[in-house]
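Chain residues, written in single-letter form:
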Amino acid sequence: MKRHVLILGGTGEALALARLFAAQRPDLAVTTSLAGATSAPVLPPGKLRSGGFGGAEGLSDWLRDEAVAALIDATHPFAATMAGHAAEAAAATGVPRLKLVRAMWPRRDGDRWISVADAPAAASALATLSARRVFLTLGARDLGAFAGLPGVTFTVRMIEAPETPLPLARADLILARGPFGEDDERALMTGRRIDAVVAKASGGEATRGKIDAARGLGLPVVMIARPPLPAGETAADASEALDWIARVLPQ
Ligand code: NAP
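On a predicted model such as this, the values are computed, not experimentally measured, just so you know.

## Overview of the overall build of the protein chain
For step 1, the next point in the chain: When helices and strands are counted, the protein chain shows 7 helices and 12 strands.
For step 2, the next point in the chain: Here the C-alpha atoms of the protein chain give a radius of gyration of 19 Å, agreeing with the 18 Å that 2.2 N^0.38 yields for 251 residues.
For step 3, the next point in the chain: Projected onto its principal axes, the C-alpha positions of the protein chain cover 60 × 35 × 30 Å.
For step 4, the next point in the chain: A separation threshold of at least 6 residues defines the contact pool for the protein chain, and within that pool the share at least 24 residues apart is 68%.
For step 5, the next point in the chain: Carbon and sulfur atoms make up 53% of the accessible area of the protein chain, which amounts to about 11900 Å² in all.

## Topic: the domain arrangement of the protein chain
For step 1, the next point in the chain: In terms of domain boundaries, the protein chain breaks down into domain 1 (3-103 + 228-248) and domain 2 (112-224).
For step 2, the next point in the chain: Between domain 1 and domain 2, the contact holds 11 residues from the first and 10 residues from the second.
For step 3, the next point in the chain: Interface area, domain 1 with domain 2, both sides summed: about 740 Å², of which 51% is carbon and sulfur.
For step 4, the next point in the chain: Counting across the domain 1 and domain 2 interface gives 0 salt bridges.

## Points about the nonpolar core
For step 1, the next point in the chain: In this structure, Leu126, Val134, Leu136, Phe146, Phe154 and Val198 are the most contacted members of the largest nonpolar core, which totals 24 residues.
For step 2, the next point in the chain: Counting only elements with at least two residues in this core, the list comes to helix H4 (119-129), strand S7 (133-137), strand S8 (153-158), strand S10 (196-200) and strand S11 (220-224).
For step 3, the next point in the chain: With 5 residues, H4 is the single largest residue contributor to this core.
For step 4, the next point in the chain: Residues in contact with Val134, not counting those within four places in the same chain, are Leu126, Val152, Thr153, Phe154, Thr155, Ile194, Asp195, Ala196 and Val198.
For step 5, the next point in the chain: Among the nonpolar cores identified, the runner-up in size contains 20 residues, and Ala14, Ala235, Ala238 and Trp244 belong to it.

## Observations regarding the sheet that holds strand S3 (residues 47-50)
For step 1, the next point in the chain: The strand order S3-S2-S1-S4-S5-S12 describes an open sheet built from 6 strands, whose pairing is parallel. Looking at the sheet topology across the chains shown, the edges are occupied by S3 and strand S12 (234-235).
For step 2, the next point in the chain: Here strand S5 (residues 97-100) pairs with S12 via 2 bridges, running parallel. Across the sheet, the residue bridging to Leu100 is Ala235, located in S12.
For step 3, the next point in the chain: Across the sheet, helix H7 (residues 238-248) is in contact with strand S1 (3-8), strand S2 (28-34), strand S4 (68-73), S5 and S12; its angle to S4 comes to roughly 160°.

## With respect to the side chain of Asp212
For step 1, the next point in the chain: Along the chain, Asp212 turns up in helix H6 (residues 208-217).
For step 2, the next point in the chain: The buried category is assigned to Asp212, whose relative accessible area is 7%.
For step 3, the next point in the chain: Sequence-distant contacts of Asp212, defined by excluding residues within four places in its chain, comprise Arg108 and Glu182.

## Points about H4
For step 1, the next point in the chain: Regarding H4, the residues found buried are Ala119, Ala122, Ala123, Ala125 and Leu126. Here the buried residues of H4 occupy an arc of 160° about the axis, which is enough to place them on one side.
For step 2, the next point in the chain: Looking at the buried residues of H4, the elements they touch are strand S6 (112-116), S7, S8, S10 and S11.
For step 3, the next point in the chain: Just past H4, the residue Ser130 takes up positive phi, approximately 55°.

## Observations regarding the site of the ligand
For step 1, the next point in the chain: Around the ligand sit 22 residues in total, of which Gly9, Ser33, Phe53, Arg141 and Lys200 are the nearest.
For step 2, the next point in the chain: Within the backbone of Met82, an N or O atom sits 2.8 Å from an oxygen atom of the ligand.
For step 3, the next point in the chain: For the ligand, the protein covers 76% of the area, taking 800 Å² as the surface of the free molecule.
For step 4, the next point in the chain: Contributions of two or more residues to the shell around the ligand are made by S2 and helix H3 (80-93).
For step 5, the next point in the chain: Per-element accounting of the shell around the ligand gives the leading share, 4 residues, to H3.
For step 6, the next point in the chain: Looking at the shell around the ligand residue by residue, the class counts come to 7 nonpolar, 12 polar and 3 charged.

## Focus on the environment of Phe154
For step 1, the next point in the chain: Topologically, Phe154 is positioned in strand S8.
For step 2, the next point in the chain: Residues Phe154 and Arg170, 16 residues apart in the sequence, show an inter-C-alpha distance of 6.2 Å.

## Details of the pairing of S2
For step 1, the next point in the chain: Of all the 7 residues making up S2, 6 are buried; the element is thus mostly covered by neighbouring parts of the structure.
For step 2, the next point in the chain: At this point the chain moves from S1, through helix H1 (residues 12-24), to the parallel S2, and the crossover so formed is right-handed.

Parameters at a glance
Residues numbered from 1 in each chain as written. Predicted model: local features only at pLDDT ≥ 70, side-chain atom pairs only at ≥ 80, totals over all residues. Heavy atoms only, no water. Helix = DSSP H or I, 4+ residues; strand = E, 2+ residues; numbered from the N terminus. Rg over C-alpha atoms; globule rule 2.2 N^0.38 Å. Contact = heavy atoms within 4.5 Å. Areas by Shrake-Rupley, 256 points an atom, 1.4 Å probe, with all protein chains shown as cover. Domains from an automatic or database assignment. Buried area = accessible area lost by both parts, 1.4 Å probe. Salt bridge = Lys/Arg side-chain N within 4 Å of Asp/Glu carboxyl O. Core = buried A, V, L, I, M, F, W, Y, C linked by side-chain atoms within 4.5 Å. Buried < 20%, exposed > 50% of the residue type's maximum accessible area, 1.4 Å probe, protein only. Pairing = 2+ DSSP bridges. Axes fitted to C-alpha atoms, helices over the stretch in contact; angles between N-to-C directions. Arc of directions from axis to C-beta. Near = heavy atom within 4 Å. Polar contact = N/O pair within 3.5 Å; in protein donor to acceptor, adjacent residues only side chain to side chain. Nonpolar A, V, L, I, M, F, W, Y, C, P; charged D, E, K, R; others polar. Right-handed = clockwise from strand over helix to strand, strands pointing away.

Here you go:
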């Protein structure tokens, strides 16, 4: 029987990893798990499951029931709850776990980053900047922190429309799926006369365009720091994760 690998996904890296496994490790049965947040995700090769597990306990049960031999947490750097559950479940079941952590964007000359701890701190930073037209590249659950900023027009970009209206008095919603290149980001920022950007310190190529565009335009970027992740082995990309699997589950 093929040994079973579970990838916790929802990122480009998880997709790249599932594709690498399909091409290079046909001896493994690979399942990708998605949170189910978007209705039409890009589908990875291999098996797919969708929706929460029911906390660390639910994930532990799933790992046991499905005889998972290795767990790769390739969720987004800000998916801290899932990362914590993955670490707990791996410890409880003895399943080897790897966290795929993409590199942060390096700071470059001309960057005007204002580093903050979270969305409320980002809102305070915008008030200090007296920003009027802000490009907010955050998920729906972080938007409420900006509701109390009067007189600011927000441009918000999401993959699909949220179920409830945006909690912002003045906001334009753009529906689009990355990757987003620098030229398009610059056109968006100049077209909308953006004077500040709020971004998560996500890193990765797919969303780097806005950082490069902001630098070129001399715009401040209020950068929300990554949440802490559980201790354990990490890989920087899909190819390093494949190397880890070669050690943990040799062919
Ligand atoms: P989160 O806050 O860490 O997790 C919340 C809950 O969602 C988890 O407790 C878990 O539910 C469920 N969940 C999360 N990822 C899952 C997965 N891959 N498979 C099954 N269940 C999952 O996560 P989040 O920040 O909302 O992110 C949700 C998904 O979107 C993740 O797959 C992540 O990679 C992706 N994503 C997140 C961001 C971001 O900025 N946060 C950006 C891009 C993509 P149970 O406790 O019931 O198991």
